[in-house]
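Each chain, letter by letter, is given below.
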Amino acid sequence: MERYYQLIKSEKVVLSYKGGIDADAIHHLVRLVEKNLADADEKLSIRKKIVNLTVEALQNILNYFSEEALDKFLENESFMILTSNKQNYEILTGNYISIQRMKTLKKRIDNVNMMSQEDLQKVYLDILENPKVSITRGAGLGLIDMARRSQNKITYQFNDYNEDYTLFLMTTTINKVKNEVAVA
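S.K.: Sorry, what's going on with the environment of Thr155 here?
M.R.: The residue Thr155 is located in strand 4 (residues 155-160) in this model. Residues contacting Thr155, with those up to four places away along its chain left out, are Leu169, Met170 and Thr171.

Below is the structure:
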């Protein structure tokens, strides 16, 4: 958590949110991200990428809550922070998940992070054509799409909360300078 506090202090915070995540909250936050990036005169291609990744990151939180029987207090402790510096943007999200789900999620992210950009693109298209592929490949479409679009590894950590839950922190980095690999 200290890393996140230092990040907020040292970089420009484009948007910060803490609370429950539902479809309405996602819609509202995405509109704020769009507005804040437009106000900052960010390039359209970067804005689109950040908006898409923000939606994906927030939907991940929403999906985990729909599958977990979390205490309402923990549900309202979710957060998202979008920061900017000279080189990149970072989308930081945090939410509580069960210790049991942590093991599966860690494996999925590690599998995605081991893939090259070419592999990510291939698996992404395979999943779109055959959704059962995601089960056999060990990663869901959302995580694959995040790594594919950002062209960076997904960083994450788990901070134990109690014997049942952990705080899942995930960071997606979007480079301001266009990478060599084109992503559709």
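S.K.: Honestly, the packing of helix 6 (residues 117-129) against helix 8 (residues 141-150) in this entry has me stumped. Any pointers?
M.R.: Two numbers describe a pair of packed helices, the interaxial angle and the distance between the axes. At a minimum axis separation of 9 Å, helix 6 and helix 8 run at an interaxial angle of 145°. For the crossing formed where helix 6 meets helix 8, the hand is left-handed. Residues Gln117, Leu120, Gln121, Val123, Tyr124, Ile127 and Leu128 of helix 6 pack against Leu141, Ile144, Asp145, Ala147 and Arg148 of helix 8.

S.K.: Even after reading the chapter, I still don't get the packing of aromatic side chains, so can you show me in this structure?
M.R.: How two aromatic rings sit relative to each other is set out by the distance from centre to centre and by the angle between their planes. A complete count under the given rule lists three aromatic pairs for this structure. When the centroid spacing of 5.3 Å and the interplanar angle of 25° are considered together, the rings of Phe158 and Phe168 count as stacked. Linking Phe158 in strand 4 with Phe168 in strand 5 (residues 165-175), this pair joins segments that are 10 residues apart in sequence. Taken as a pair, Phe158 and Phe168 share a single burial class, namely buried. Feature note: the residues Tyr156, Phe158 and Phe168 constitute an aromatic cluster, connected by ring pairs.

S.K.: For this particular structure, what's the right way to read unusual backbone geometry?
M.R.: Backbone phi values are negative for most residues with the exception of glycine, while trans is the configuration of most peptide bonds. Notably, Asp41 is not glycine yet its phi reads approximately 55°, a positive angle. With respect to the helices and strands, Asp41 occurs in the loop between helix 2 (23-39) and helix 3 (44-67). On the accessibility criterion, Asp41 (69% relative accessible area) is exposed. With a phi angle near 60°, Gln151 is a residue other than glycine that sits in the positive phi range. Position of Gln151 relative to the elements: it lies in the loop between helix 8 and strand 4.

S.K.: Help me understand the confidence of the model for the protein in this model?
M.R.: Caution applies to low-pLDDT regions: their predicted coordinates should not be interpreted in detail. Overall, the prediction assigns the protein a mean pLDDT of 85, with 80% of residues at 70 or greater. Helix 2 holds the highest mean pLDDT among the elements of the protein, 95, whereas helix 7 (residues 133-137) holds the lowest, 50.

S.K.: Mind showing me how you'd approach the pattern of salt bridges here?
M.R.: Pairing is possible between side chains of opposite charge, provided their charged atoms come close. As enumerated under the stated definition, the model contains six salt bridges in all. Ionic pairing is found between Glu77 and Lys18, a salt bridge with its closest N-O pair at 3.2 Å. Taken as a pair, Glu77 in the loop between helix 4 (72-75) and strand 2 (79-84) and Lys18 in strand 1 (residues 12-18) lie far apart in primary sequence, 59 residues in all. Assessed through its relative accessible area of 54%, Lys18 is described here as exposed. Close ionic contact of Asp126 with Lys122 constitutes a salt bridge, the shortest N to O distance being 3.0 Å. Taken together, the positions of Asp126 and Lys122, both in helix 6 and four residues apart, correspond to about one turn of that helix.

S.K.: Mind showing me how you'd approach the sheet that holds strand 3 (residues 88-98) here?
M.R.: Sheet strands line up and pair through hydrogen bonds in the backbone, either parallel or antiparallel. Pairing is antiparallel across the open sheet formed by five strands, whose spatial order is 1-2-3-5-4. The strands lining the two open edges of the sheet, one partner per strand, are strand 1 and strand 4. Direction aside, neighbouring strands of the sheet carry axes that sit 15° apart on average. For strand 4 and strand 5, the ladder comprises six bridges, and the chain directions are antiparallel. Looking at the pairing, Gln157 lines up with Leu169 of strand 5. On the sheet, helix 2 packs against strand 1, strand 2 and strand 3 and is oriented at approximately 170° with respect to strand 1.

S.K.: So what exactly am I meant to see when it comes to helix 5 (residues 99-114) here?
M.R.: In an α-helix there are 3.6 residues to a turn, and that puts residues three or four apart on one side. Over its 16 residues, helix 5 extends 23 Å from the first C-alpha to the last, a length consistent with the 22 Å expected when each residue adds 1.5 Å. Every buried residue of helix 5 is accounted for by Met102, Leu105, Ile109, Asn111, Val112 and Asn113.

S.K.: Can you help me understand helix 2 in this one?
M.R.: With 17 residues, helix 2 should cover 24 Å at 1.5 Å per step; its first-to-last C-alpha distance of 24 Å lies within 8% of that length. Here helix 2 has its buried residues at Ala25, Ile26, Leu29, Val30, Val33 and Leu37. One side of helix 2 holds all its buried residues, which, seen down the axis, span an arc of 130°. Facing away from the buried surface of helix 2 by more than 90 degrees, the exposed residues are Asp24, His27, Arg31 and Asp39. Capping the start of helix 2 is the job of one residue whose side-chain oxygen sits 3.2 Å from the backbone nitrogen of Asp24: Asp22. The positive-phi residue at the C-terminal boundary of helix 2 is Asp41, with phi of around 55°.

What counts as what
- Residue positions are counted from 1 within each chain, in the order its sequence is given.
- Where totals are concerned, whole chains, interfaces and linings use all residues; where local detail is concerned, this predicted model gives features only for residues with pLDDT of at least 70, and gives and counts side-chain atom pairs only at 80 or more.
- Side-chain numbers come from the whole structure's heavy atoms, not from hydrogens or water.
- Under the DSSP-based scheme used, a helix requires at least four consecutive residues in state H or I and a strand at least two consecutive residues in state E, with every element numbered from the N terminus.
- We call two residues in contact whenever any of their non-hydrogen atoms come within 4.5 Å of each other.
- Here an axis means a line fitted to C-alpha atoms, over the contact stretch when the element is a helix, while the angle between two N-to-C directions is reported on a 0 to 180 degree scale.
- If you view the pair so one helix is near and one far, a crossing is left-handed when the near helix is turned anticlockwise from the far one by less than a right angle, and right-handed when it is turned clockwise.
- We call Phe, Tyr and Trp rings a pair once their centres come within 6.5 Å, taking the six-membered ring for Trp, and we label the pair stacked below 30 degrees between planes, edge-to-face above 60, and tilted otherwise.
- A 1.4 Å probe rolled over the protein chains alone gives each residue an accessible area, and that area as a share of the maximum for its type sets the label: buried under 20%, exposed over 50%, partly exposed in between.
- The predictor attaches a confidence to each residue, called pLDDT, with possible values from 0 through 100.
- A carboxyl oxygen of Asp or Glu within 4 Å of a side-chain nitrogen of Lys or Arg is what we treat as a salt bridge.
- Each pair of strands is called paired provided DSSP finds at least two bridges between the two strands.
- One less than the number of residues in a helix, times 1.5 Å, gives the span that helix is expected to have.
- Along the arc lie the directions from the helix axis toward the C-beta atoms.
- Between N or O atoms, a polar contact is any pair within 3.5 Å; within protein, one atom must be a potential hydrogen donor and the other a potential acceptor, and residues adjacent in sequence are included only when both atoms are from side chains.

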